[in-house]
Amino acid sequence: MNDKPSKSQVDKLGKRLRSGGRVDDDDLELLQRVRATCDDALAAVTERLASINVDSRPLRPTSRLKTIGTIIDKLRRESIRLSQMDDIAGARIVIDGDLVAQDKVVRAITAAFPDTSVKDRREHPSYGYRAVHVIVQHEACSVEVQVRTPLQDLWAQVVERIGDSWGREIRYGGSPETPEQKFRSRFTRHEFVGFLMDVSDNIAGLEQIETEVETELEESQTSLKVGPPKPTGDDAKPDTSELAARIKTLKNAYQEKLKLLKKLDF
C-alpha cells in the first residue's frame, strides 16, 4: 500500500479541516501521513542545504515541521488548498552578513535545486516580518527555506514570543489579546506591537542604507586605484567609511536591544 496520500485526498482533507467541525481520528491519521511525506522531503532538502558553502562558509540550516494545530489554523485563516500549502515543512538559515550576503545565499540555494521559487518578503513584508523564502519542490512536497539576516531573525523571534503569550493573530496583523492592558507600566500591548512594527521598518531602512554605503565604499576604493584624485573641500562626498562604522554601531545596538526583548516575560 502506498502511504503517500493523493492530491485529491489531501485537498478533500483540507476542506474537511477548514469546515470548523470536529476532527475525527481518520482525518488526523491522514494528516499525519501528509506530514510524514513532508518530513521525508525536509530531511533530504536540509541535508543538501548543509552541504552548500557560500564564500567558504557552510550553510547551517535548522528545520521544523508544522504542527497539526498550526496547519488547521492556517487552513481556517487563509483561502488555500492543503496541497498548495508550501510551509508544512520548513528550514531556516540565519546568515552571518548583510543584504548582499543574503542575496548570495538565496542564489546558491536556487542553483542547488532544480525546482524553486522565491518570495522576497523584504520587498513585500508580512506585518513587519522580513526575510527571503526559497520554496523548494522535492518529490511532490514543498519545503520553505527561510533566509534571514541576524536582525530579521531576532525581530521575528521576539514577535513569535509575544504571539505565544498575547495571541498568535499578532503575526497576521491582528490585535493582541486585551490590547489596552499595560505592558511594563509604559506601553499598552497595542502600543508595544505598533512599536515593534516601527522597529522592523527602521531595521529594513538601516540594512538598505548599509548595502548602498558598502557598495559606494567598494567603488570609491576601486576608483582610488585606477581613477583621478579624490576631490576635497565643498566637492567632497561624505566619508563613507565613517558612515559605514556608524551603521555598524546602530545595527549592534538594535541587536542587543532585541536580545534583551527576547528575554522579557510577556
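Structure's up top.
Counting from 1, residues in each chain are numbered in the order their sequence is written. Restriction of local features to residues with pLDDT of at least 70 applies here, the model being predicted, together with a cutoff of 80 or more for giving and counting side-chain atom pairs; totals for whole chains, interfaces and linings are based on all residues. As a rule here, side-chain values cover all heavy atoms of the structure and leave hydrogens and water aside.

Participant: Could you clarify how one ought to interpret the overall build of the protein chain in this entry?
Facilitator: Starting at the N terminus, helices and strands are each numbered in turn, a helix being any DSSP run of H or I of at least four residues and a strand any DSSP run of E of at least two. Broken down by element type, the protein chain carries seven helices and nine strands. The C-alpha extent of the protein chain, read off along each of the three principal axes, is 75 × 50 × 30 Å. Burial classes: relative accessible area under 20% of the type maximum marks a residue as buried, over 50% as exposed, and values in between as partly exposed (1.4 Å probe, protein chains only). Evaluated residue by residue, the protein chain yields a buried proportion of 39% over its 266 residues. Counting only contacts in the protein chain whose residues sit at least 6 apart along the sequence, the fraction spanning at least 24 positions is 64%. In the structure as shown, the protein chain presents an accessible area of about 15,500 Å², 49% of it carried by carbon and sulfur atoms. The criterion used for residue contact is that any of the two residues' heavy atoms lie within 4.5 Å. The Shrake-Rupley method, run with a 1.4 Å probe sphere, supplies the accessible areas, and residue values consider only the shown protein chains as cover.

Participant: Which parts of the structure should I look at to understand a negative patch on the surface?
Facilitator: A surface patch of negative charge is lined by Asp 3, Asp 25, Asp 26 and Glu 29. By the secondary structure assignment, Asp 25 is in helix H2 (residues 25-50). By relative accessible area, which is 63% here, Asp 25 ends up exposed. Any residue with relative accessible area above 30% and no salt bridge may belong to a patch, with like charges joined within 9 Å and the nonpolar Val, Leu, Ile, Met, Phe, Trp and Tyr side chains within 5 Å. Criterion for a salt bridge: a side-chain nitrogen of Lys or Arg within 4 Å of a carboxyl oxygen of Asp or Glu. The charged-residue count follows a simple rule in which Lys and Arg add positive charge and Asp and Glu add negative charge, with His and chain termini not counted at all. Where a charge lies is defined by one atom per residue type: Lys uses NZ, Arg uses CZ, Asp uses CG and Glu uses CD.

Participant: For this particular structure, what's the right way to read the nonpolar core?
Facilitator: If you look at soluble globular proteins, the nonpolar side chains tend to sit buried side by side. Nonpolar cores are built from buried Ala, Val, Leu, Ile, Met, Phe, Trp, Tyr and Cys residues. Side-chain atoms within 4.5 Å join them into one set. Residues Leu 49, Leu 82, Ile 109 and Val 145 are the most contacted members of the largest nonpolar core, which totals 37 residues. Broken down by secondary-structure element, the contributors of at least two residues to this core are helix H1 (7-18), H2, helix H3 (68-77), strand S4 (89-94), helix H4 (99-112), strand S6 (132-138) and strand S7 (141-148). Per element, the largest residue contribution to this core is eight residues, and it comes from H2. The residues contacting Val 145, other than those within four sequence positions of it, are Val 45, Leu 49, Ala 91, Ile 93, Ile 109, Val 132, His 133, Val 134 and Val 136. Residues Trp 155, Ile 162, Ile 170 and Phe 183 belong to the second largest nonpolar core, which totals 21 residues.

Participant: Sorry if this is basic, but what is going on with the pairing of S7 here?
Facilitator: Remember that side chains alternate between the two faces of the sheet whenever the strand is regular. The element S7 is extensively covered by neighbouring structure, given that eight of its eight residues are classed as buried. Burial along S7 is two-sided: the residues Cys 141, Val 143, Val 145 and Val 147 and Ser 142, Glu 144, Gln 146 and Arg 148 are all buried. Think of it this way: DSSP has to see at least two bridges between two strands before they count as a pair. Relative to S7, S4 runs parallel, the two being bridged by six bridges. Along S7, the bridge assignment pairs Gly 90 with Glu 144. One ladder, built from seven bridges, connects S6 with S7; its direction is antiparallel. Residue Val 134 lies in a different strand from S7, and its bridge partner there is Val 145. Linking two consecutive strands that pair antiparallel, namely S6 and S7, is a turn of two residues; a positive phi of about 50 degrees is found at Glu 139 within it.

Participant: Would you explain the packing of H1 against H2 in this entry?
Facilitator: How two helices pack is summed up by the angle between their axes together with the distance between the axes. To obtain each axis, a line is fitted to C-alpha atoms, and for helices this fit is confined to the stretch in contact; angles are then taken between N-to-C directions over 0 to 180 degrees. Across the interface, H1 lies against H2 with an axial gap of 11 Å and an inter-helix angle of 130 degrees. Looking at the two axes, H1 sits oblique to H2. Considering how the two elements wind past one another, H1 and H2 form a crossing that is left-handed. Residue-level contacts link Gln 9, Val 10, Leu 13, Arg 16 and Leu 17 of H1 to Asp 27, Leu 30, Leu 31 and Val 34 of H2. Residue classes follow a fixed rule: Ala, Val, Leu, Ile, Met, Phe, Trp, Tyr, Cys and Pro count as nonpolar, while Asp, Glu, Lys and Arg count as charged, and any other residue, Gly among them, counts as polar. Within the contact of H1 with H2, the residues separate by chemical class into six nonpolar, one polar and two charged. The cut-offs work like this: below 35 degrees is roughly parallel, past 145 is roughly antiparallel, 65 to 115 is roughly perpendicular, and the gaps in between are oblique. Handedness of a helix crossing follows the sense of rotation of the near helix relative to the far helix, less than a right angle counterclockwise being left-handed and clockwise being right-handed.

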